[in-house]
Amino acid sequence: MYPLSLSLLSAQQSACACPKVKLTVRNRLDGASKLKWEEIYAGTQPEGYHSVAIAGDGAMIRIRIGDNPDNYRLYFQRVAQPAPGADFGQWTYSGSYFFSRAGVASFGNKVCVVAVDYNRNMFIFESTNNGQTWSAPVKIGTSNTSQVYGVSIAFKPNGDMAVFYIERTLLCYKKRVNGNWQSRQQWDKSTDVLSGVSAVYDGDWRLAVSGTDLSGCSKVWSLSLGDGADFAVGVWSPLYEFASAPAGGLYSYTSVSMDCPDVFRVCYLENYTGSVADKRAFLSHLVADTGFNDNIWRESVPTSMSSDYGFAMVNDGQYVYLAGISRIYRAKIAQNSLEIGADILRLESACGNLKGSLAVELDNSSGRYTGAGNGELDMLAPGSEIEFYPGYETESGNEYGPGQLYIIQSLERRIAGGKSSLLIRAEDAFCRLKRWRATNQMRWNRNSSQLSVRGILGYVLSKAGIRMEVLNASAQLGNFYPDFTIHVGDDGFELMGKLLSFVTDLVFLQGNCLYSIYPQAADNPLYSYGVTHPVFSGIYADTSSEVNRVVLEGVDAASNLFMVQGFVWEEIYQNHDLTLRLYDRNINTLAQAGERLDSCLRMAVLKQQMGQIVVPINCGQQLFDVISISQPECGLEGLIRRINGIRTSYEPCKGIYRQELSLGKV
């Protein structure tokens, strides 16, 4: 049960409550802005290593390194107003050359460029007037190798900075604290050759790194260097991969760049060296409302953008940019939204176990929605998010319960009887999980405990942009480590179902978050219907379970097959034998077998449908809540049931504003 204010509780329990509804469409993906890229520059300059920053006055500062015939010269560029039509073709020679890699970053009016030459010397170029003029280069150190494969700079809010750079297989860094350069440091990881690094400061130093691991697999990782937020100063987090290609294949990753315009976003280059070679920019982002260290990265998406040296990402608060040398793209960061609740003719939403949908018909007699999907209504299109908030007029004004989020699947323009309307059909975020297909094979817990059911489930959900929160959990959810394989082409929804079959936990969606609960027969009611909250009608049924006997075969530590059984004798005597047979090589002990038997029989109980009640909308009603029902006029007092489904109907012209609550056993 979602917490509600006393005034909203009072209103929804009143016999003369006045319904209020919000229905909002947003141009978002997984809670983050849905970026629509536009090309603002297309040139013919030769490609090369480059970097980009936005100065304090909004100017775009770009740097690039020339190629071999140009003696690897370092060039600067300042574009006062980066927009379509601006001159991105003019470059200024820095006066220095023979550089292998360089990076640029800004802090207020200060802009810094750090470059490493082929003689291993590391120089800093600085500007204190937003990149208009530059000081002479100053040597700040020496790398341990001439094979430097990436440079990235990040500033703290106090002006301290860190320079991260790759020495072939090592990620190294130097900090400037209070104006003083500290000694070279390196990470504590072991990898093969690295190909790119990008850093952003956010309490800790947040990094994205591309390269290969010791087994030759190509990877893109995220990790943090502690500065007192999630990790102690100087302490490295683990490496978290979010893109991977197998060793010996034709794919590799390079040119990683990261920024945080609204959420953390990453751009990297996927290189394919097959008979039809391809270099393509891919984008990924953290799911909204998650921390960097949660590592909940959306499945990477390919773009139409390609470059031999990738794209550098930066934002100015209004736009996020992807900049190569001869191509520059931008996208608005702001989320466009549209409130459409006042035009509802009818609305119906439904949620149950692993499913949820919304259908809403809007009055289009004024022609307001004729241009849906275009111009000012570009957010009203398939793929956008639509959120339904039920509420009431209260003594404190209009109040609403938590919104339920859906993704628009289709728009239907309807004309009947001379009237025009727009029908929106939408599904909850499970639809994204159904459409996600694994592109690589993954396997956990083959020889050792790596990820529990909860960990694997969290990985699968993240690929569809869904995060996971545990309200309470069974022991199996966090302590059972199945030998689990994801095959190429497996869809996320089936994988989730398989993982949930190992446990007794139930899950439901709220927005882009999947919540898990551990339902127990002793759960107490969270809300009461019939005395304070009216019941329009009720059906109360007695049903039997679909399963009353479970036969489970497992394999012990000596590879011997063993069998255990579970029974519900009362049901067997009443309804004969309804047997579920299972074979699971992950079950290796009698204790595990007992837990699985209990899980299967318990889930069969929870699936029993025990009728329904129809009530005025409860703005805080949650799937799988335990409730009590009393209808004294029918002799019904304190019936305890669990909510297995919620169907909400709203038709303002007919005065309909109600919920049908499907009932199950506790």
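Residues numbered from 1 in each chain as written. Predicted model: local features only at pLDDT ≥ 70, side-chain atom pairs only at ≥ 80, totals over all residues. Heavy atoms only, no water.

**What to know about helix 3 (residues 453-463)**
For clarity, the threshold we go by: Partly exposed describes any residue whose relative accessible area lies between the buried limit of under 20% and the exposed limit of over 50%, with all areas from a 1.4 Å probe on protein chains only and scaled to the type maximum. Strands are runs of DSSP state E lasting at least 2 residues, helices are runs of H or I lasting at least 4, and numbering of each runs from the N terminus.
Three or more residues of helix 3 are buried, namely Val-453, Ile-456, Leu-457, Val-460, Leu-461, Ser-462 and Lys-463. Once helix 3 ends, the next one or two residues include Gly-465, with phi positive near 80°.

**Focus: the layout of surface pockets**
What counts, and what does not: Note on definitions: the grid is 1 Å and covers protein atoms alone; a cavity is a set of points where a 1.4 Å probe fits but cannot get out; a pocket is an open set with protein on both sides within 12 Å along at least five of seven lines; lining residues have an atom within 4 Å of a point. Grid points are joined across faces, edges and corners, and a volume is the space filled by probe spheres set on the points. Here the term charged refers only to Asp, Glu, Lys and Arg, the term nonpolar to Ala, Val, Leu, Ile, Met, Phe, Trp, Tyr, Cys and Pro, and the term polar to all other amino acids, Gly among them.
The computed volume of the largest pocket comes to approximately 1000 Å³. Around the largest pocket sit 47 residues that line it, and Ser-51, Ser-152, Ser-198, Ser-257 and Met-313 are the ones nearest its centre. Secondary-structure elements contributing two or more residues to the lining of the largest pocket are strand 5 (50-54), strand 9 (99-107), strand 13 (148-155), strand 18 (194-202), strand 22 (251-259), strand 23 (265-272) and strand 26 (312-315). Among the elements that make up the lining of the largest pocket, the one with the highest residue count is strand 18 (eight residues). Classifying every residue of the lining of the largest pocket gives 26 nonpolar, 16 polar and five charged. Counted as a void, the second largest pocket has a volume near 890 Å³. Every residue lining the second largest pocket is counted, 30 residues in all, and those nearest its centre are Tyr-240, Asn-295, Leu-451, Gly-455 and Tyr-459. Elements with a minimum of two residues in the lining of the second largest pocket: strand 20 (218-225), strand 21 (240-245), strand 36 (442-444), helix 3 and strand 37 (467-470). Broken down by element, the lining of the second largest pocket gets its largest block of residues, seven residues, from helix 3. Partitioned by chemical class, the residues of the lining of the second largest pocket number 14 nonpolar, eight polar and eight charged.

**Quick word on empty space enclosed by the protein**
Inspection of the entire model under this criterion finds one cavity of 30 Å³ or more. If you add up the space inside the largest cavity, you get close to 350 Å³. Around the largest cavity, the lining is made up of 29 residues, and of these Cys-351, Gln-404, Tyr-406, Gln-621 and Ile-646 lie nearest the centre. Secondary structure elements with two or more residues in the lining of the largest cavity: strand 30 (344-352), strand 31 (355-363), strand 32 (385-394), strand 34 (404-416), strand 39 (506-510) and strand 48 (636-651). Partitioned by chemical class, the residues of the lining of the largest cavity number 15 nonpolar, twelve polar and two charged.

**Things to note about the packing of helix 3 against helix 5 (residues 492-500)**
Cut-off, in case you're wondering: The axes are straight lines fitted to the C-alpha atoms, using for helices just the contacting stretch, and the angles between their N-to-C directions are given from 0 to 180°. Working rule for angles: under 35 degrees goes down as roughly parallel, over 145 as roughly antiparallel, 65 to 115 as roughly perpendicular, anything else as oblique. Here a crossing is taken to be left-handed if its near helix is turned anticlockwise relative to the far helix by less than a right angle, and right-handed if that turn runs clockwise. Contacts are assigned to residue pairs that have any heavy atoms within 4.5 Å of one another.
Across the interface, helix 3 lies against helix 5 with an axial gap of 10 Å and an inter-helix angle of 170°. As summarised for this structure, helix 3 and helix 5 are arranged roughly antiparallel, according to the angle between their axes. By crossing handedness, the relation of helix 3 to helix 5 is classed as left-handed. Here Val-453, Ile-456, Leu-457, Val-460 and Leu-461 of helix 3 lie close against helix 5, whose contacting residues are Gly-492, Leu-495, Met-496, Leu-499 and Leu-500. Taken together, the residues that form the contact of helix 3 with helix 5 break down as nine nonpolar, one polar and no charged.

**Structural notes on the pairing of strand 44 (residues 561-567)**
For the record, the criterion: Two strands qualify as a pair provided DSSP detects at least 2 bridges between them.
Residues Phe-562, Val-564 and Gly-566 line the buried face of strand 44, whereas the alternating positions Leu-561, Met-563, Gln-565 and Phe-567 sit on a face that is not buried. Bridge analysis of strand 43 (residues 549-555) against strand 44 gives seven bridges, and the strand direction is antiparallel. If you follow Arg-549 over to strand 44, its bridge partner there is Phe-567. Where strand 43 folds back onto strand 44 in an antiparallel hairpin, the turn is made up of five residues, including Ser-559, whose phi is positive at roughly 65°.

**Section: helix 5**
Our working rule: What the arc covers is the set of directions going from the helix axis to the C-beta atoms. Pairing of N or O atoms within 3.5 Å defines a polar contact, subject to two protein rules: one partner must be a possible hydrogen donor and the other a possible acceptor, and residues neighboring in sequence count only if both atoms are side-chain atoms.
Those residues of helix 5 that fall on the buried side of the exposure criterion are Gly-492, Leu-495, Met-496, Leu-499 and Leu-500. Looking down the long axis of helix 5, one finds its buried residues gathered within 130° of arc, a one-sided arrangement. Those residues of helix 5 hidden inside the fold are in contact with helix 2 (430-435), helix 3, strand 38 (484-486) and strand 39. Sitting at the head of helix 5, Asp-491 places a side-chain oxygen 2.9 Å from the backbone nitrogen of Phe-493.

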